[in-house]
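# Understanding the architecture of this molecule
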Amino acid sequence: MAKDESTNKREKSRTAHRSYTRKLIHKAGEVCNNYDGTQPGEIKLEGLKRDLSEKLTILDKLDNSIIETVDEEKDIEGEINESSEFRRSIHEAISQIDLCLQEHKVKHNGGHDPNGSLSSSSMVNSSYSDGKQNVRLPKLNLKHFKGDPIKFQAFWDSFETTIHNNEDVSDVNKMSYLVSLLEGPAYSAVAGLSLTSANYKTEVDTLKERFGCEEVVISAHMDALLKLPGANTNSDTKKLRGIYDEVEQHVRGLKAVGISSKQYGKLLVPILMNKIPQELQLIITRKLGKEKWDLDALQNTFKEELEAREMCEFVTASRNNNKGKGPPDSPKSNPTATVFSDTEEGILLQTATAPVCNPRRPEKIVSARILFDSGSQKTYISKRLKDALGLSPLKSDRLIIKTFGTAGEMVKTCEEVQVSVQGNRDLNLYLTAHCVPIICAPLQNQRIEVAVREFPHLEGLELADSVHDKSELEVDLLVGSDFYWQFMTGRVQKGEAGPTAIESHLEWILSGPSSSVTC
């Protein structure tokens, strides 16, 4: 029977309401994943719960009115199945919000539910009996995936281990969680899929086919290697180290998806040779001889030459330090100064958290908070971090330290050490730092996560630091002007208000005033 005009209108209205509801469900998943128990987050969750409940009521009425116009039994059954599945996804989103709010209330009450239950983690919604518990997804810090094939395998391995293989989570919840972690081209690839159990497998297969297939991954790695900047001189060991580490990172990435270097090594060897200075090319050629080259042999030879040059730099620096020293009363003129202000005005300083290691003992590695300060001429490391990494001094410098607001000077002898900071894509950033007892007083009011939620231009950025509350932050490494731009890419992202985002090799760093951050 042909549909009348009023039925067509109701179906179009239902389609529009469902489309908006999918966005609400997606938003609810994102807010739950980032919820830190603060009042602004609670207000957002309560608002989303209200909106979802209203949409549930509207869609119930539209579903019932449309079913009344259907005559065929098969069509009626299809309508009921489709509407029930969609209502279920709304119920699950509402349950997820309830459990998210409940969990933080339990934590706030010392692990006891104010309503008398033992634990929010044991609560499940048993409104449906499909053999799966409708549990709130775990609070995890999984990174978002933006469509870079190079990062897909690492992203999928994390998601598969924590969510995909969890038998207590329904496919609808898995799909909702997965969609909430997608951005850019990755989100666009699955944007047209409805939030249903059947579509979860389709979504996973689509992502794997689009970003995880062997040809796409190889192409992405090769493209990145072709764009890798070369080194022009043998003395630029920092750039040479960057080339070696970048190549190793791509080789490991390809190996992780089962692609051996033998499959592409012959193609990569001439590319790598063109990235290094001619003198180094000749040295490698002499060592490898006329035998058929492979990538592993080339990288091993490159590594030997690189480590020899780095060691030579250490020895040269030590010798230069022992030559021409003046009397004890004549310190090396090496002034440095920096200023910090503890304020309640929401001033975000440039901080990051990253693994820092001892270059000579790679097994010594510590996660440390780093402060970037271009107002300081030198880079400093705390004695606490130096001792934890077991760093040996390269030399000692006598520094003239001038502090803000005074005309006086302080002469201090500081040991100089070398450390390595691990950046994105396994990039190692080497720097020398002077050791001091402490860097500065603990930083306060660096509420980065609150700023991200407040300002639209920060949405979706992967940040180098994460601070949810007013905790005092201990700084163990201060990067001054001598190494500042080795970390920064030069890209910035500004909004009409709020802090500026600065891209670095440790992800995005926030800096600047943001009065709405404090509460």
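The structure we're discussing is the one just above.
Presented here is an overview of the structure given in this document. (Residues numbered from 1 in each chain as written. Predicted model: local features only at pLDDT ≥ 70, side-chain atom pairs only at ≥ 80, totals over all residues. Heavy atoms only, no water.)

Let's shift gears to the pairing of strand E3 (residues 361-372). Across 8 bridges, strand E2 (residues 351-358) lies against E3 in antiparallel orientation. Paired with Asn358 across the two strands is Arg361, which belongs to E3. The hairpin turn running from E2 into E3, its antiparallel successor, is 2 residues long. Relative to strand E8 (residues 477-479), E3 is paired through 3 bridges, and the arrangement is parallel. (Pairing = 2+ DSSP bridges. Helix = DSSP H or I, 4+ residues; strand = E, 2+ residues; numbered from the N terminus.)

A few words on helix H4 (residues 149-164). For H4, spanning 16 residues, the distance from its first C-alpha to its last is only 19 Å, which falls clearly below the expected 22 Å at 1.5 Å a residue. Listed in full, the buried residues belonging to H4 are Pro149, Ile150, Phe152, Phe155, Trp156, Phe159 and Ile163. The inward-facing, buried residues of H4 contact helix H5 (171-180), helix H7 (197-211), helix H8 (214-226) and helix H9 (237-256). Its side-chain oxygen 3.0 Å from the backbone nitrogen of Ile150, Asp148 forms the N-cap of H4. (Expected span 1.5 Å × (residues − 1). Buried < 20%, exposed > 50% of the residue type's maximum accessible area, 1.4 Å probe, protein only. Contact = heavy atoms within 4.5 Å. Polar contact = N/O pair within 3.5 Å; in protein donor to acceptor, adjacent residues only side chain to side chain.)

A large share of strand E10 (residues 500-504) lies buried, amounting to 4 of its 5 residues. Here strand E9 (residues 488-493) pairs with E10 via 3 bridges, running antiparallel. Among the inter-strand pairings, Gln493 is bridged to a residue of E10, identified as Ala501. Between E9 and the antiparallel strand that follows it, E10, lie 6 residues; Gly498 among them carries a positive phi value of about 90 degrees. Bridge analysis of E10 against strand E11 (residues 507-513) gives 5 bridges, and the strand direction is antiparallel.

Spatially, 4 strands are ordered E1-E11-E10-E9 in an open sheet, and the strand pairing comes out antiparallel. Because the sheet does not close on itself, it has two edges, and the strands there are strand E1 (347-348) and E9. Across 2 bridges, the pairing between E1 and E11 is antiparallel. Bridge pairing in E11 places Leu348 opposite Gly512.

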